[in-house]
Amino acid sequence: MSIKLNGSRLTLFRGERCLFRDLEFALNSGELLLLEGRNGSGKTSLLRAIAGLIELESGTVFWNDEPVRNMRQLFQNSMVWMSHKVGFKGDLTLVENLQFEAKLRLESTRDFDDVLQRLGLKKLKRLPFRSLSAGQQRRVALARMLLSAAPLWMMDEPASNLDAQGRELVATLLSEHVGKGGMAIVAAHQDVKLDLPTHRIALQ
Amino acid sequence: MSASDEQLPGIWLGTSALVKRDLALVIKRPGDMLNPLFFFAMVATLFPLAVGPAAEQLQFSGPGVLWVAALLATLLSLNSLFLGDFEDGSLEQLLVSPVPLSALALGKSIAHWLTSGLPLVLVSPLVALTYQMSLAVTGVLMLTLLLGTISLSLLGSIGAALTVGLHRGTALLSLLILPLAMPVLIFGARTVSLVAAGDGVAGGLYFLAAYAMLMISISPFATAAALRISNE
Amino acid sequence: MWKFLHKLASPPHFYRIAENMLPWFAFPGLLLVGYGVYAGLFLAPPDYQQGDAFRIIYVHVPAAYLSMMAYMIMAISAGIGLIWRMKLAHAVSAAAAPLGAWFTFLALATGSIWGRPMWGTWWEWGDPRLTSELVLLFLYLGYMALRNAIEDTTKADRASAVLALVGAVNVPIIHFSVEWWSSLHQGPTLVKKGGPAMDTAMLYPLLAMIFGFTLLFGALLLRRVRTEVLYRERRKRWVRDMILASTGGSK
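These numbers come from a predicted model, not from an experiment.

### A short note on the overall build of chain B
Secondary structure summary: chain B contains nine helices and zero strands in total. Listed N to C, the secondary structure of chain B is α-α-α-α-α-α-α-α-α in terms of helices and strands. A globule of 232 residues ought to have a C-alpha radius of gyration of about 17 Å, and chain B, at 19 Å, matches this closely. Over its C-alpha atoms, taken along the principal directions, chain B stretches across nearly 65 × 35 × 30 Å.

### Examining the overall build of chain A
Of regular secondary structure, chain A possesses six helices and nine strands. A compact globule built from 204 residues would reach a C-alpha radius of gyration of about 17 Å, and chain A, at 17 Å, matches this within 12%.

### Comments concerning the confidence of the model for chain B
Low pLDDT means the predicted coordinates in that region are not meant to be read closely. Residue and element names in this part refer to chain B. Mean pLDDT over chain B stands at 92; residues scoring 70 or higher make up 96%. In the predicted structure, residues 1-5 sits below a pLDDT of 50 and forms one contact with residues beyond four places in sequence or in another chain. Scoring of the predicted complex yields 0.92 for pTM and 0.93 for ipTM.

### What to know about the environment of Asp32(B)
Residues and elements named next belong to chain B. Following the sequence through the fold, Asp-32 ends up in helix H2 (residues 31-51). On the basis of neighbour counts, which here come to 17 C-beta atoms within 10 Å, the residue Asp-32 falls in the partly exposed class. The sequence separation of Asp-32 and Ser-134 amounts to 102 residues, and the corresponding C-alpha distance is 31 Å.

### Some points on the interface of chain B and chain A
Each side of the interface is counted separately: chain B has 24 residues, and chain A has 23 residues. Among the secondary structure elements, those contributing two or more residues to the side of chain B that touches chain A are helix H1 (3-28) and helix H5 (90-95) of chain B. When the residues that make up the side of chain B that touches chain A are grouped by side-chain class, the tally is 10 nonpolar, eight polar and six charged.

### As for the environment of Ala95(C)
All names here are of chain C. For Ala-95, the position within the fold is in helix H4 (residues 87-119). Residue classification places Ala-95 among the buried residues on the basis of 24 C-beta atoms within 10 Å. Sequence-wise, Ala-95 and Tyr-58 are 37 residues apart; in three dimensions their C-alpha atoms are separated by 25 Å. Residues within four places of Ala-95 in sequence aside, it is in contact with Leu-221, Arg-224, Val-225 and Glu-228.

### Remarks on the pairing of strand S4 (residues 58-63) of chain A
All names here are of chain A. As judged from the five bridges shared by strand S1 (residues 4-14) and S4, these two strands associate in the antiparallel manner. Within S4, the residue paired with Asn-6 across the bridge is Phe-62. The loop that links S4 with its antiparallel partner strand S5 (residues 66-67) comprises two residues; one of these, Asn-64, has a positive phi angle of about 50°.

### Quick look at the packing of helix H5 (residues 128-149) of chain C against helix H6 (residues 153-183) of chain C
All names here are of chain C. Running from N to C, H5 and H6 point in directions that differ by 165°, and their axes come no closer than 10 Å. Overall, the two elements H5 and H6 adopt an arrangement that is roughly antiparallel. Seen from above, H5 lies across H6 with right-handed handedness. The residues of H6 that touch H5, namely those facing Pro-128, Thr-131, Ser-132, Val-135, Leu-139, Gly-142, Tyr-143, Leu-146 and Arg-147, are Ala-156, Ala-159, Ser-160, Leu-163, Ala-164, Gly-167, Ile-174, His-175, Val-178, Glu-179 and Ser-182. Split into classes, the residues belonging to the contact of H5 with H6 amount to 11 nonpolar, seven polar and two charged.

### Overview of helix H3 (residues 55-78) of chain B
Helix length check: H3(B), at 24 residues, gives a terminal C-alpha distance of 33 Å against a target of 34 Å (1.5 Å per residue), a fit within 8%. Helix geometry: H3(B) is bent most strongly at Ser61(B), by close to 55°, with proline Pro63(B) lying one to four residues after it.

### Regarding the sheet that holds S1(A)
Residue and element names in this part refer to chain A. Read across the open sheet, the four strands follow the order S2-S1-S4-S5; overall the sheet is antiparallel. Each end of this open sheet is capped by a strand with a single partner; those strands are strand S2 (17-28) and S5. The pairing of S4 with S5 spans two bridges and is antiparallel. If you follow Trp-63 over to S5, its bridge partner there is Glu-66.

### Here's the deal with helix H2 (residues 11-43) of chain C
All names here are of chain C. A rise of 1.5 Å per residue sets the reference length of H2, with its 33 residues, at 48 Å; its end C-alpha atoms lie 45 Å apart and thus fit the reference within 8%. Helix geometry: H2 is bent most strongly at Met-21, by close to 30°, with proline Pro-23 lying one to four residues after it. Here H2 has its buried residues at Pro-11, Phe-14, Phe-25, Gly-29, Leu-32, Val-33, Gly-36 and Gly-40.

Here is what the cut-offs are and how they apply
- Residues numbered from 1 in each chain as written.
- Chains lettered and ligands numbered in written order.
- Predicted model: local features only at pLDDT ≥ 70, side-chain atom pairs only at ≥ 80, totals over all residues.
- Helix = DSSP H or I, 4+ residues; strand = E, 2+ residues; numbered from the N terminus.
- Rg over C-alpha atoms; globule rule 2.2 N^0.38 Å.
- pLDDT = per-residue confidence, 0-100.
- Contact = placed C-beta atoms within 7 Å.
- Buried ≥ 20, exposed ≤ 12 C-beta atoms within 10 Å, placed from the backbone.
- Nonpolar A, V, L, I, M, F, W, Y, C, P; charged D, E, K, R; others polar.
- Pairing = 2+ DSSP bridges.
- Axes fitted to C-alpha atoms, helices over the stretch in contact; angles between N-to-C directions.
- Parallel < 35°, antiparallel > 145°, perpendicular 65-115°, else oblique.
- Left-handed = near helix turned anticlockwise from the far one by under 90°.
- Expected span 1.5 Å × (residues − 1).
- Bend = angle between axes of the 7 residues up to and from the residue.

What follows is the structure, encoded as C-alpha cells:
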C-alpha cells in the first residue's frame, strides 16, 4: 500500500518574522525528508506545522492527496511524533508509560520485551521514568516509534542526548523503517547521512 | 476500512486509559488530592474564627461559606490540571494521538473531578457537622456539591487550558473562572439555604443539573481548542 | 456587496473606509447626545416618585445597554476571527474590550449614584442589575488580562476568542442566576418591573441618548480599531507608504 505526503505553498510567520514562504515538498513510501538548518532556523516549526501542532499562515498539507485538515484523526492515526521533550510521565515507570501510549493508539504490546531488549532498556523496566538518564529517556522515545504501527515517523532532533552508539542506533532504526516502505521526516541540525532516497529542505 | 468503526472503541479505550493514568499519578502523589481538601477544611475553619462561633450565625451562613470554600479549593486543584503534561511534553503527545482531543479533554476533566470534586462531596458532611447543619440540609449540600463540582471541573478545564504555561497563571485562572462560575455558586449555595428555610429544592437542583449538561456539551471542545492554542 | 465586505477585511482598505465613516457616526451621535442631555435635564418633568434624581437614567441606561452590546460585539467578532481566521475581526474584538469595560464602569458608577438617594447607601447587593454589571466588568477584565498575559498577538487573539465565546454563552446564564438570587430577597431595585409607563417627554430624551451613545460608541470603536490595525500592521509596506505620503514624501 503506497502512501504519500506532500505540502503545497506552506507559509508560516512567527510574530513578525517569516520563517518560510510558499514551501513545497513531496514524500512517498520508502523516502526520508530531512529538514536542515541551524537552531532557530525554523526547521522545528516546519516539522510542527506539518504535524498540525502549529497553524500555518497559508498552504495545505496533503495525506494521500486529501487535505489533512479534512481528516485530522486519520492522519494522526498514521503518524507517530517525537519532540525534543520526550513526553512521558516522570512518576510512572517506563512500562506504564508505554502501555498507556499503546492504549492511546490501539496498539498491541506483543513485541514489547523484544523492543526493550534491542534498545537496552530491559533492566530499567520497573524504575520510575524520571530516574532514567537523558539518553535512556530518549531511547524510550525511540521505543515509542518502534512499537507503533504508524507508517509516518516525525522526529525532532532524534539523536539529541545520545552518544555515538545511540546515534548509530537512530540511523539503523530509520533505515529499517523507511526501507520497509515507511516514511520519515526528521529535523536535525547535524548532518545525517543515510543510504536512503532522501529529500532535503534547508532553512535559513 | 471504515474510519469510524475503528475510532469508536479507540475513543473509549484511549480516554479511559487517560483517566486511569491520571488516577495512577495522583495515587503516587496523594498531596495533589489532599492539599485542596485541607484547604477546604481550613477555609471552613477560618470563618468561625474570624466572625465568631455563634451557632445561629454559623447555621445561617454555613451553606454559603462551604460553597465558597469548595469553589476556592477547586480553583486550587485546577491550576495544575495541564501544567505537568505541558512541561514534560505528554500534552503534545495527546494532541497528536489518533483519539479526538475533545474526548481526551473530557477525560482530563473526569479525572480532575474524581480527584477533586468527588472527595469534596465526601468530606463535606464532616465540615457541615461543625456548622450545625441538619441531616436534610447536609444531604442537599452534598447533592448541590456533586452537581456543582462536575460543572466546575468542566468549566475550570477551559480556564486551565487557556492559562497553562502562562506567567502568573494561577491568579489569571481565578480571574477567568470566578465570574463564569457565579451561576453555579449562586444556585449551589442558595438552594441549600432554601432547604434550611423550608423551601423546595427541585428548581435549584434542576438548574445545576442543566448547567452541568451544558458544560458537558461545550467544555470538551472549548478545552481542546484552548489546548491547541496554548501548546503552539 | 461581497466585494465591499471583502475589501473591508483588508487592513489598508479598512483603515481608509473607517476614516471616512467616522464623521457619520460622531456628528449625529454628538447631536443626539446633546439634545438628549438638554431635554433630559431641562425639558423632562421630574419623576413623581424620585424627583430630579431619576435623571441619571439618561446616562445609566445607555451605558448599561452599551456595556452588554460591546460584549456581544467582542464575542461575535472574536468568533468570526477564530472560525474564518480574519485578522481584522480579532482587532475589532481587542478594541471593543476596553470600551465595553469603561461603559460597564460608567453604568456601575451611575447606578450607584442613582441608588444612593433611594437606598441610603452607595451599593446595594440586592439589586440584580448592579450585581450583573459587576460580574460583566470582571468578565471584561479577565479577557483583557488574558490578552495581556500572552505575548504573541495571534496566540493572544485565539486564546481570548475562546474565552469570549465561552463568556458569551455564560452571560445570559449569569444574568438569570443573579435575577433569581435577588428575587429571593425582594430587596430594593433600581427599576421595578411593570412600573408606570414612561411619559413621552421623559422617553424621547432617553431614546435620543441611547441612539446617540450607540453612535458615539461606534465612532470610538472605529477609532480604536484603526489604531489597533495600525499597530498590528506597523511593519507592513502600506503603513510606511502612507506615513511617507502624509509627510510629503520626505525621508
